[in-house]
2 protein chains.
Amino acid sequence: MAVPSLEGLIEANAAFYKAFEGLDIHAFRQLNMASKGDVCVHPGWRPLSGWADIEHSWVGIFEHTTYMQIVPSEVNAQLHGEVGWISCFENIYSFVGVERMLGQVVATNIFKWTEDGWKLVLHHGSPVLQPEEDAP
Amino acid sequence: MAVPSLEGLIEANAAFYKAFEGLDIHAFRQLNMASKGDVCVHPGWRPLSGWADIEHSWVGIFEHTTYMQIVPSEVNAQLHGEVGWISCFENIYSFVGVERMLGQVVATNIFKWTEDGWKLVLHHGSPVLQPEEDAP
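Definitions and limits used
- Residues numbered from 1 in each chain as written.
- Chains lettered and ligands numbered in written order.
- Predicted model: local features only at pLDDT ≥ 70, side-chain atom pairs only at ≥ 80, totals over all residues.
- Heavy atoms only, no water.
- Helix = DSSP H or I, 4+ residues; strand = E, 2+ residues; numbered from the N terminus.
- Rg over C-alpha atoms; globule rule 2.2 N^0.38 Å.
- Buried < 20%, exposed > 50% of the residue type's maximum accessible area, 1.4 Å probe, protein only.
- Contact = heavy atoms within 4.5 Å.
- Patch = residues over 30% accessible without salt bridge, like charges linked within 9 Å, V, L, I, M, F, W, Y side chains within 5 Å.
- Areas by Shrake-Rupley, 256 points an atom, 1.4 Å probe, with all protein chains shown as cover.
- Salt bridge = Lys/Arg side-chain N within 4 Å of Asp/Glu carboxyl O.
- Phe/Tyr/Trp six-rings, centres within 6.5 Å; stacked < 30°, edge-to-face > 60°.
- Lys NZ or Arg CZ within 6 Å of the ring centre and 35° of its normal.
- Least-squares fit on C-alpha atoms with pLDDT ≥ 70 in both.
- Pairing = 2+ DSSP bridges.
- Axes fitted to C-alpha atoms, helices over the stretch in contact; angles between N-to-C directions.
- Buried area = accessible area lost by both parts, 1.4 Å probe.
- Polar contact = N/O pair within 3.5 Å; in protein donor to acceptor, adjacent residues only side chain to side chain.
- Nonpolar A, V, L, I, M, F, W, Y, C, P; charged D, E, K, R; others polar.

Participant: Where do I start with the overall build of chain A in this structure?
Facilitator: Counting its regular elements, chain A contains three helices and six strands. Traced from its N-terminal end to its C-terminal end, chain A shows the element sequence α-α-β-β-α-β-β-β-β. Computed over its C-alpha atoms, the radius of gyration of chain A comes to 15 Å, within 12% of the 14 Å expected for a compact globule of 136 residues. Overall size of chain A, expressed as C-alpha extent along the three principal axes, is 45 × 35 × 25 Å. Taken over 136 residues, chain A has a buried fraction of 49%. Within chain A, counting contacts between residues at least 6 apart in sequence, those at least 24 apart form 49% of the total.

Following this line, the structure appears as structure tokens:
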């Protein structure tokens, strides 16, 4: 049987962004714990708790999106027992008219280890307001 | 010996905000893991990793603040093994001239259980841009 590893955790995080950019709610649900304890903060939003409200929000986001490419970067993964957490950037490419635009979000993702692998239990995405040159 | 509990986790989170509003870097350091793996995202900032950069940022924030009261609310605490995580609002009261102002930040805090109790390993604070009435 598989055991929790940093490599597996980073793969689960990558799979989350693949399902996100694929606008695939079924693949997406498989990667989430989909439980009452789940928490999700979309950039600038108040926190949502419980999978019912969280899924509803993602369905809405997916329905209002036609194309999106998400490249995670600066992936910082940590593991302790059966919990893993990741800090990363979401580099989100989309089109405004014919122009390809890049938006950056900073994310914290917490995963719990289960018999079915890593499952997301908390997603916190937030806007980056600090220009890159101004990093402390 | 103490064991990890939800109550203790919520107390550690409250102690974090007490040290924060007390602008007390020594108490603050005691509540952090203060390790290379620590991550901190201030609202709108890019992530900082490693305690050296994180402590430097807090020292700067504390030096530029004369008064602050922080009341956590909607505290959602989760625990799995020796890792605990909290989602909450930081209701930050400060003075602008003689007027008391309220600012809200949404936070994710991840704590690791140690022989010396819960230690913060990740803090992610972000601005709330969504008006309360507009909650999904």
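Participant: I'm lost on a nonpolar patch on the surface in this one. Help?
Facilitator: Among the surface-exposed residues, A:Leu6, A:Ile10 and A:Val75 lie close enough to one another that they form a single nonpolar patch of about 210 Å² accessible area. Residue class for A:Val75 comes out partly exposed when judged on its relative accessible area of 36%.

Participant: Mind showing me how you'd approach the packing of aromatic side chains here?
Facilitator: Remark: the centre distance and the inter-plane angle together describe each pair of aromatic rings, the angle taken between the planes. Scanning all chains against the criterion turns up 26 aromatic pairs over all chains. Both rings, one in A:Phe16 and one in A:Phe28, keep their centres 5.2 Å apart while their planes meet at 35°; by these two values the pair is tilted. Taken together, the residues span a long stretch of sequence, with A:Phe16 in helix α1 (residues 6-21) and A:Phe28 in helix α2 (residues 25-31) at a distance of twelve residues. Taking the relative accessible area as the measure of exposure, A:Phe16 reaches 1% and is therefore buried. Relative to B:Trp58, the ring of B:Phe28 has its centre 4.6 Å away and its plane inclined at 55°; by these criteria the two rings are tilted. With B:Phe28 in helix α2 (residues 25-31) and B:Trp58 in helix α3 (residues 51-63), this residue pair connects regions lying 30 residues apart in the sequence. Comparing B:Phe28 with B:Trp58 shows no difference in burial state: the two are buried. Taken together, the ring pairs in this structure connect A:Phe16, A:Tyr17, A:Phe20, A:Phe28, A:Trp58 and A:Phe62 into an aromatic cluster. Sitting over the ring of A:Tyr93, A:Arg100 keeps its end group 4.3 Å from the ring centre.

Participant: For this particular structure, what's the right way to read the relation of the copies chain B and chain A?
Facilitator: Two chain copies, one operation linking them: a rotation about an axis together with a shift along it. Rotating chain B by 180° about the axis while translating it 0.0 Å along that axis superimposes it on chain A, leaving an RMSD of 0.0 Å. The symmetry that links the two subunits is that of a two-fold axis. Of the C-alpha atoms belonging to chain B, the one lying closest to the rotation axis is found on B:Ser126, 2.9 Å away.

Participant: Please explain the sheet that holds strand β6 (residues 117-127) of chain A as it appears in this structure.
Facilitator: Sheet strands pair by backbone hydrogen bonding; their relative direction is either parallel or antiparallel. Residues and elements named next belong to chain A. One open sheet holds the six strands; their spatial order is β2-β1-β6-β5-β4-β3, and the pairing between them is mixed. Every other strand in the sheet has two partners, leaving β2 (48-49) and β3 (69-80) as the edge strands with one partner each. Judged from the three bridges that link them, strand β1 (residues 39-41) and β6 form a sheet pairing that is parallel. Its bridge partner being in β6, Val-39 is matched across the sheet by Leu-122. Docked against the sheet, α1 engages β3, β4 (83-96), β5 (99-114) and β6, running at close to 150° with respect to β3.

Participant: Explain the interface of chain B and chain A here, please?
Facilitator: How big an interface is tends to be expressed through the accessible area that disappears when the partners come together. With 36 residues of chain B at the interface, the matching set in chain A holds 36 residues. Here chain B packs against chain A, burying approximately 3300 Å² in sum over the two surfaces, 64% of which is carbon and sulfur. Interface area lost by chain B to chain A is led by B:Arg46, B:His80 and B:Trp85, which between them contribute 22%. Across the chain B-chain A interface, the total number found is two salt bridges. Among the ionic pairs, B:Glu74 bridges to A:Arg46, the shortest N-O distance being 3.5 Å. Run the count over chain B and chain A and you get twelve residue pairs in polar contact (both at pLDDT 80 or more). Looking at which element gives the most residues to the side of chain B that touches chain A, the answer is strand β5 (residues 99-114) of chain B, with seven residues. In terms of residue class, the side of chain B that touches chain A is built from 19 nonpolar, twelve polar and five charged.

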